[in-house]
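Close look at the chain arrangement
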Amino acid sequence: QVQLVESGGGLVQPGGHLRLSCVASGSITQIYDMDWYRQAPGKQRELVATITSNGNTGYADSVKGRFTISRDNPKKTVYLEMGSLKPEDTAVYYCNADISAVFRPTTTYWGQGTQVTVSS
């Protein structure tokens, strides 16, 4: 069974910094694109950042220049470095990845989410 587990969320003051991690586990043969999404109360889930298996990245306009996505392929981990945090960054952050596993076709998996709250 493939799983994604996020960590690193918490309460931070405006202007602060957090680093989120997401580790994939299971009988994984290949991890393709890895993404971070977020969902604020009363809003739709939105794509924050994406990274391909080759390391190409993309960002939502709202986080460009403040957030950095990276991955460690041997560790099956994707990171999201978040700086200059704003109250509007408050949301549950979800990890998402396209993964192939033994005897399983490529499937999109989601983590359980980690809460990020930006408040003074």
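Description of the pairing of strand S10 (residues 104-110)
- Relative to S10, strand S9 (residues 91-101) runs antiparallel, the two sharing 5 bridges. Bridge pairing in S10 places Ala97 opposite Tyr109.
- The turn linking S9 back onto S10 is made up of 2 residues, and Phe103 within it adopts a positive phi angle of 65°.

Comments concerning the state of the cysteines
- This structure, assessed with the given rule, holds 1 disulfide.
- There is a disulfide in this structure between Cys22 and Cys95, and the S-S distance comes to 2.1 Å. A torsion of -80° about the S-S bond marks the disulfide between Cys22 and Cys95 as left-handed. Separated by 73 residues along the polypeptide, Cys22 in strand S3 (residues 18-25) and Cys95 in strand S9 bring together distant segments of the chain.

Some words on the sheet that holds strand S8 (residues 77-82)
- The strand order across the open sheet built from 4 strands is S1-S3-S8-S7, with neighbouring strands paired in antiparallel fashion. The sheet is open, and its two edges are formed by strand S1 (3-7) and strand S7 (67-72), each paired on a single side. Put simply, the sheet's adjacent strands are angled 15° from each other on average, direction ignored.
- In the sheet, S1 pairs with S3 via 5 bridges, with the strands oriented antiparallel. Counted as the bridge partner of Glu6 is Cys22 from S3.

Thresholds, definitions, all that
Residues numbered from 1 in each chain as written. Predicted model: local features only at pLDDT ≥ 70, side-chain atom pairs only at ≥ 80, totals over all residues. Heavy atoms only, no water. Pairing = 2+ DSSP bridges. Helix = DSSP H or I, 4+ residues; strand = E, 2+ residues; numbered from the N terminus. Disulfide = S-S within 2.5 Å. Axes fitted to C-alpha atoms, helices over the stretch in contact; angles between N-to-C directions.

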